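Here is how the chains run, residue by residue.
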Amino acid sequence: MQIVVRRSGGFAGLSRAWRVDTDARPDADRWAALVGALPTDAAGTSADDPDGGAGVRDDFVWTVTVARTTVTIPGRRLDGPWATLVEQVRDQGEPA
């Protein structure tokens, strides 16, 4: 399974991306558990943003693609299982 994390925005407006191919890793079961812990209702995505998508000035926007599913999360709402997955991909993935 491919996991791609993209970060855009911030003060400088730069974009960065990281990716992990979990099938090629010896700890594929751990990655499957991380993905399995993600909420299935897409809570925390920009579509569910109470501010109507207005965002916060200079905040990052995270776009996470797991297999064929893509979720966009404002930086101030990145928490819980989504934050854990993003951190792991950034720490252990390679630049995309």
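The following refers to the structure shown. (Residues numbered from 1 in each chain as written. Predicted model: local features only at pLDDT ≥ 70, side-chain atom pairs only at ≥ 80, totals over all residues. Heavy atoms only, no water.)

1. As for helix 2 (residues 80–92)
No. 1: The end-to-end C-alpha separation of helix 2 is 18 Å, in line with the 18 Å expected for 13 residues at 1.5 Å each.
No. 2: Elements that come into contact with the buried residues of helix 2 comprise strand 1 (2–9), strand 2 (16–21), helix 1 (28–36), strand 3 (60–66) and strand 4 (69–74). (Helix = DSSP H or I, 4+ residues; strand = E, 2+ residues; numbered from the N terminus. Expected span 1.5 Å × (residues − 1). Contact = heavy atoms within 4.5 Å.)

2. Brief notes about the sheet that holds strand 5 (residues 94–95)
No. 1: Strand order in the open sheet formed by five strands is 4-3-1-2-5, and the pairing between neighbours is antiparallel. The two strands at the open ends of the sheet, each matched to only one other strand, are strand 4 and strand 5.
No. 2: The strands touched by helix 2 are strand 1, strand 2, strand 3, strand 4 and strand 5; relative to strand 3, the strand with the most contacts, the crossing angle is about 85 degrees. (Pairing = 2+ DSSP bridges. Axes fitted to C-alpha atoms, helices over the stretch in contact; angles between N-to-C directions.)

3. Details of the pattern of salt bridges
No. 1: Inspection of the entire model under this criterion finds three salt bridges.
No. 2: Between R25 and D27 there is a salt bridge; the shortest N-O distance is 3.1 Å.
No. 3: For R25, a relative accessible area of 25% puts it in the partly exposed group.
No. 4: It is possible to trace a salt-bridge network through shared partners that takes in R25, D27 and R30. (Salt bridge = Lys/Arg side-chain N within 4 Å of Asp/Glu carboxyl O. Buried < 20%, exposed > 50% of the residue type's maximum accessible area, 1.4 Å probe, protein only.)

4. Focus: helix 1
No. 1: The set of residues buried in helix 1 consists of W31, L34 and V35. Seen end-on, helix 1 carries its buried residues on one side only, within an arc spanning 95 degrees. Facing away from the buried side of helix 1, by more than 90 degrees, are the exposed residues D29 and G36.
No. 2: Where helix 1 is buried, its residues touch strand 1, strand 2, strand 3 and helix 2. (Arc of directions from axis to C-beta.)

5. Digging into the pairing of strand 4
No. 1: Bridge count for strand 3 against strand 4 is six bridges, and the pairing is antiparallel. What sits directly across from V66, in strand 4, is T69.
No. 2: The hairpin turn running from strand 3 into strand 4, its antiparallel successor, is two residues long, and A67 in that turn takes a positive phi close to 55 degrees.

6. Structural notes on the nonpolar core
No. 1: Judged by nonpolar contacts, the single largest core of 18 residues is most densely connected at L85 and V89.
No. 2: In terms of residue count, helix 2 provides more of this core than any other element does, four residues in total.
No. 3: Discounting chain neighbours no more than four positions away, the residues touching V89 are I3, V5, W18, R19, V20 and W31. (Core = buried A, V, L, I, M, F, W, Y, C linked by side-chain atoms within 4.5 Å.)

Everything listed here is a matter of coordinates, which is why it stays silent on function.
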